[in-house]
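What follows is each chain in one-letter form.
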Amino acid sequence: MIYIKPFPKMHLYSNQIIKILAIYAASNLFSTAVIAQEEKSTTHSSHHPAHHSTKKKADEVIVVTGTRTPKLLANSPVQVEVIEQEQINLLTQGTIAQALNFIPGVVVTRNQKDGYNVQMQGFDGDNVLILLDSQPLISPTGAAVDLDQISAQDIKQIEVIRGAASVMYGSSAMGGVINIITNQGKENQLNLSYEVGSYTQNSLEDDLYSHQARLGATLLTGDWRHQVNTLLKHTPGFDYDNDHSSTPAGSLDKIFINLASSGKIGSLDTAIKYQFFDEEKDKNTGRIAGQSNYQHYISEVQQQQFDFDISQKLNRYHDKIQRQWQVNSRIMEHQETSGGTGSLRNANFGLYEVNGKYVWSTTELEIVSGGLIHKDTLEQTKVDDGSKEVPFVSKESIEAFSQVNWINKNSQYLLGLRVQDDSSFGFNSALRVSGMNNLLTGENKLKLRYGVGQGYRVPTLKERFYEFDHSSLGYKVYGNEDLNPETSITANTSLTFETSFEESLLGSFDFTSDVNIFYTQAKDLIDSVTDPERSIEEALDISVYTNIDEAILKGFDWSVAANYSQWQSQLNYSYVSAKDNNHVRLEGRPKHQFKASIGYTPSKYNINSMLYLVYQKDEAVPTEGFENGTLNNSWFTIDFKLSHQFSKHFSWRLTLENILDEHQDTDAVREQLFDARPVSSRFVSLGITYKL
């Protein structure tokens, strides 16, 4: 008998959340369906909608991340990588982890808690800032944001800056910025989708299938736009053998609810947003001694966020309309219960922020200035006896920034400064100078971008106070109150060449080549290191946060892309060297990474497909825990994605991930052999979408 696990119970919802969602969703869905049907019935359209198969050129894409103002990608003085909506919809229907793995120079890693983090230019996820519509998606712990906790619903494009961006984005942007830009619906619409999948031969017998359901709707009423997006996702665990007492991946149940209303109040643009996230994890970690019962690692997370935004637009003399000023306020509350059987802990985090910016612009000069007031709170309690492991602690900061952009016909120059006063670490600052020159224009375009900048990051409450007791997973991580802030100086340069070939031997296509070179000197870099004495004392892998006196991060990214009318291809190679002042490599950073993709989008058949591969080699082997050597230090995965719109309202999709079933040998790791391959499994899914 086949057992299909249902979607997670909604028992953690409060009555207030249920009422808000029910009222908001019901009104949106009913009105959207009626209005959309009326509008579409009066508009002539073919059975199959138009299918856009070619990637937009740089002079057609608007980006905002490089300067915090709208610019054509071709005119951005800061290099920005862009994944467009069509690619995102093909790559993922769940969270953004899969989409980011497609970007050149971005390393997506799976952590011990079955979440996903990112690395860029040798920096880990703590130094890469994730934005949603240009507002920081800061983890309440102040640590790396779990990419698997960010929904990929209704995304217009994802913009990526590789390299130091502390001047414009603050403490968490030493390694780069990822900005998720959502769609601002311009018509009434309704989207429903369902997807079922399986880890094939690695599935667990009592939980064979994954399930995912999405609902999205937009309703326009006068000058106001109302949007609702929900995602319910169940992912089963998987195992590589028939003994499921300890599984490399546990089951995950996720709920995302996003509500937003935006419109005008007088001359002001106003937006109100509410986000709710719920996640439950459960993983077998071994049998309890002398019993038939399993030891479990459990994690239950509930997070709510409220944003209120007001702004006023300015008619610029160049490029596009932008906001003259903007003020955003945010409240986020995050509750987490996690740990092994019998050793659960409650952690409560709070995040409170007000930020704003002002833009002054002429034809040749643009000045962006702003600031923020920010507060974080943390409290940690043992579940069994209610004792306070971390009494209530908090930190506050006040920050201000300003950037000047000189704009000429074939060149741009940027000068920016940011200052911060932190309640625990005092004054910090960052200065950056950068520029862009058009070396060639016309049919053959050659752009040179360059910059030198400082970065900083103050230790988070998590790194200073939090105790990660994951004994059931075999490890603990302790905070360190004596940490110092991180600082860095980064120099980078990139050269981008674009041209078009007409009627060549390979046909007509657009060609792009890009090389990006970087060098960073970092001081007091914060990392967790193994504590041998405490590891022996507690019979666990004990790590403690500490400062690395000095580290040098250097390397380059090289990529080429060719886009035909129905075919798209891309190749990328990244090299990273990350060593401390003793010339010891920093753990977890692969030295070589190769990515390749080929897409086929025949408009005649309304098909969008992509085959892409990732090859990674020579990851730094940890100094502790792998005394028996290295089993494997390279891996290779292939994914295939296909979608087909077969009628006016319906489309279906097929996903084949990790086709070769490349994965870590968990038995070898337990025998202290290093295996760089990811904890992963072949995954197959089918989905269907209805769009009105």
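Only a predicted model underlies this, so the values are computations on that prediction, with no experimental measurement involved.

What to know about the overall build of the protein
Within the protein, the secondary structure is distributed over seven helices and 35 strands. Counting across all 692 residues of the protein, residues that qualify as buried make up 54%.

Observations concerning a negative patch on the surface
A contiguous patch of negative charge, built from Asp541, Glu587, Glu624 and Glu627, is present on the exposed surface. Assignment of secondary structure puts Asp541 in strand E27 (residues 541–563).

A word on the pairing of strand E32 (residues 634–645)
Relative to E32, strand E30 (residues 607–619) is paired through eleven bridges, and the arrangement is antiparallel. Note that in E32 the partner of Asn608 across the bridge is Ser643. Counting the residues in the hairpin turn of E32 and strand E33 (residues 650–657) gives four residues.

What to know about the side chain of Gln420
Here Gln420 shows up in strand E20 (residues 411–422). Residue classification places Gln420 among the buried positions, given a relative accessible area of 2%. Within the structure, Gln420 has its side chain in polar contact with the side chain of Glu399 (distance 3.0 Å). The residues touching Gln420, leaving out its near neighbours within four places in the chain, are Ser171, Ser397, Ile398, Glu399, Gly426, Phe427, Asn428, Tyr456 and Val458.

Some words on the confidence of the model for the protein
For the protein, mean pLDDT is 84; residues scoring 70 or higher make up 87% of the total. Confidence scores differ between elements of the protein, with helix H1 (residues 15–41) showing the lowest mean pLDDT of 43 and E20 the highest of 95.

Thoughts on the pattern of salt bridges
Applying the stated rule across the entire model yields 22 salt bridges. Across the pair Glu486 and Arg457 runs a salt bridge whose closest N-O atoms are separated by 2.8 Å. Taken together, the residues span a long stretch of sequence, with Glu486 in strand E25 (residues 486–504) and Arg457 in strand E22 (residues 445–457) at a distance of 29 residues. Taking the relative accessible area as the measure of exposure, Glu486 reaches 0% and is therefore buried. In this structure, Lys591 and Asp618 form a salt bridge, with 3.8 Å as the shortest nitrogen-oxygen distance. Here Lys591 is found in strand E29 (residues 590–600), whereas its partner Asp618 is found in strand E30, with 27 residues between them in sequence.

Topic: unusual backbone geometry
Positive phi is not limited to glycine here, since Asp524 has a value of about 60°. Unusually for a residue other than glycine, Asn658 sits at a positive phi of about 50°. Secondary-structure assignment places Asn658 in the loop between E33 and helix H7 (666–670).

Focus on a nonpolar patch on the surface
Together, Tyr194, Val196, Phe646, Phe650, Leu686 and Ile688 make up an exposed nonpolar region whose accessible area comes to about 480 Å². Listing elements by their share of the nonpolar patch, those giving two or more residues are strand E10 (189–198) and strand E35 (683–691). Mapped onto the fold, Phe646 is located in the loop between E32 and E33. Among the residues examined, Phe646 registers a relative accessible area of 34% and is labelled partly exposed.

Focus: the environment of Arg585
Along the chain, the position of Arg585 falls in the loop between strand E28 (567–580) and E29. For Arg585, a relative accessible area of 24% translates into the label partly exposed. C-alpha of Arg585 to C-alpha of Glu619: the two residues are 34 residues apart in sequence and 9.2 Å apart in space. Apart from the residues within four sequence positions on either side, Arg585 is in contact with Ala578, Lys579, Pro590, Lys591, Asp618, Glu619 and Ala620. Of the polar contacts made by the side chain of Arg585, one reaches the backbone oxygen of Arg589; its length is 3.2 Å. A distance of 2.8 Å separates a polar side-chain atom of Arg585 from the backbone oxygen of Asp618.

So, the packing of aromatic side chains
Enumeration according to the criterion identifies 14 aromatic pairs in this entry. An angle of 45° between the planes, with centres 4.9 Å apart, marks the rings of Phe256 and Phe277 as tilted. Of the two residues, Phe256 sits in strand E13 (residues 251–265) while Phe277 sits in strand E14 (residues 268–287), which places them 21 residues apart along the sequence. Accessibility classification places Phe256 together with Phe277 in one group, the buried group. Taking the centre distance of 5.0 Å and the plane angle of 50° together, the rings of Phe650 and Tyr690 count as tilted. One end of the pair, Phe650, is in strand E33; the other, Tyr690, is in strand E35, with 40 residues separating them in the sequence. Assessed through its relative accessible area of 33%, Phe650 is described here as partly exposed.

Here we look at the nonpolar core
By size, the foremost hydrophobic cluster in this structure holds 28 residues, and its most contacted members are Ile96, Leu100, Ile130, Leu147, Ile158 and Ile178. When contributions to this core are tallied by element, the ones reaching two or more residues are helix H2 (85–91), helix H3 (97–100), strand E4 (106–110), strand E5 (116–120), strand E6 (128–132), strand E8 (155–162), strand E9 (176–182) and E30. Here Ile96 is in contact with Leu147, Ile150, Ser151, Ala152, Ile155 and Ile180, once residues within four sequence places are set aside. Counting residues in hydrophobic clusters, the runner-up holds 21 residues, among them Val82, Leu131, Ala173 and Phe401.

So, the environment of Phe594
Looking at where Phe594 falls in the secondary structure, it is placed in strand E29. Once the C-alpha coordinates of Phe594 and Tyr575 are considered, the two residues, 19 residues apart in sequence, prove to be 9.0 Å apart. In contact with Phe594, not counting residues within four places along its chain, are Leu571, Asn572, Leu613, Val614 and Tyr615.

Quick word on the sheet that holds strand E7 (residues 135–136)
The strand order across the open sheet built from five strands is E3-E8-E9-E6-E7, with neighbouring strands paired in mixed fashion. The open sheet is flanked by strand E3 (81–84) and E7, the only strands paired with a single partner. Across five bridges, E6 lies against E9 in parallel orientation. Residue Leu132 lies in a different strand from E9, and its bridge partner there is Ile180.

Comments concerning the environment of Phe497
Within the secondary structure, Phe497 is located in strand E25. On the basis of relative accessibility, which here comes to 26%, the residue Phe497 falls in the partly exposed class. Considered as a pair, Phe497 and Phe511 are 14 residues apart in the sequence and their alpha carbons are 8.1 Å apart. For Phe497, the contacting residues outside a window of four places in its chain are Asn444, Lys445, Leu446, Phe511, Thr512 and Ser513.

Considering the pairing of E30
Sheet analysis places E29 next to E30, joined by ten bridges and oriented antiparallel. From the neighbouring strand, Ser597 faces E30, where its bridge partner is Tyr612.

Describing the side chain of Asn127
Checked against the element boundaries, Asn127 lands in the loop between E5 and E6. By relative accessible area, Asn127 is classed as buried at 2%. At 3.3 Å, the side chain of Asn127 and the side chain of Arg457 are in polar contact. In this structure Asn127 touches Ser172, Ala173, Met174, Gly175, Gly176, Arg457, Glu486 and Leu525, once residues within four positions along its chain are discounted.

What counts as what
Here, residues in each chain are numbered from 1, in the same order as that chain's written sequence. Reporting of local features is limited, given that this is a predicted model, to residues whose pLDDT is at least 70; pairs of side-chain atoms are given and counted only at 80 or more, and all residues count toward the totals for whole chains, interfaces and linings. Side-chain measures here rest on the full set of heavy atoms in the structure, leaving out hydrogens and waters. Strands are runs of DSSP state E lasting at least two residues, helices are runs of H or I lasting at least four, and both sets are numbered from the N terminus onward. Classification of residues uses two cut-offs on accessible area relative to the type maximum, computed with a 1.4 Å probe and protein chains only: under 20% is buried, over 50% is exposed, and between them is partly exposed. The patches described consist of residues with a relative accessible area above 30% and no salt bridge, like charges being joined within 9 Å and nonpolar side chains (Val, Leu, Ile, Met, Phe, Trp, Tyr) within 5 Å. Surface accessibility in these figures is a Shrake-Rupley result with a 1.4 Å probe; residues are shielded only by whichever protein chains are displayed. When a carboxyl oxygen of Asp or Glu is within 4 Å of a side-chain nitrogen of Lys or Arg, the pair counts as a salt bridge. Under the counting rule used here, the positive set is Lys and Arg, the negative set is Asp and Glu, and His together with the chain ends is not counted. Taken as the charge centre is NZ of Lys, CZ of Arg, CG of Asp or CD of Glu, depending on the residue. Paired strands are those between which DSSP finds at least two bridges. Under this definition, polar contacts are N or O atom pairs within 3.5 Å; protein pairs additionally need one hydrogen-donor-capable and one acceptor-capable atom, and for neighbouring residues in sequence, both atoms have to be side-chain atoms. Between two residues, a contact is recorded if the distance between any of their heavy atoms is within 4.5 Å. Note: pLDDT gives the predictor's confidence per residue, expressed from 0 to 100. Between rings of Phe, Tyr and Trp, where Trp is taken as its six-membered ring, a pair exists when centres lie within 6.5 Å; planes separated by under 30 degrees are stacked, by over 60 edge-to-face, and by other angles tilted. Definition used in this section: a nonpolar core is a set of buried Ala, Val, Leu, Ile, Met, Phe, Trp, Tyr and Cys residues joined via side-chain atoms within 4.5 Å.

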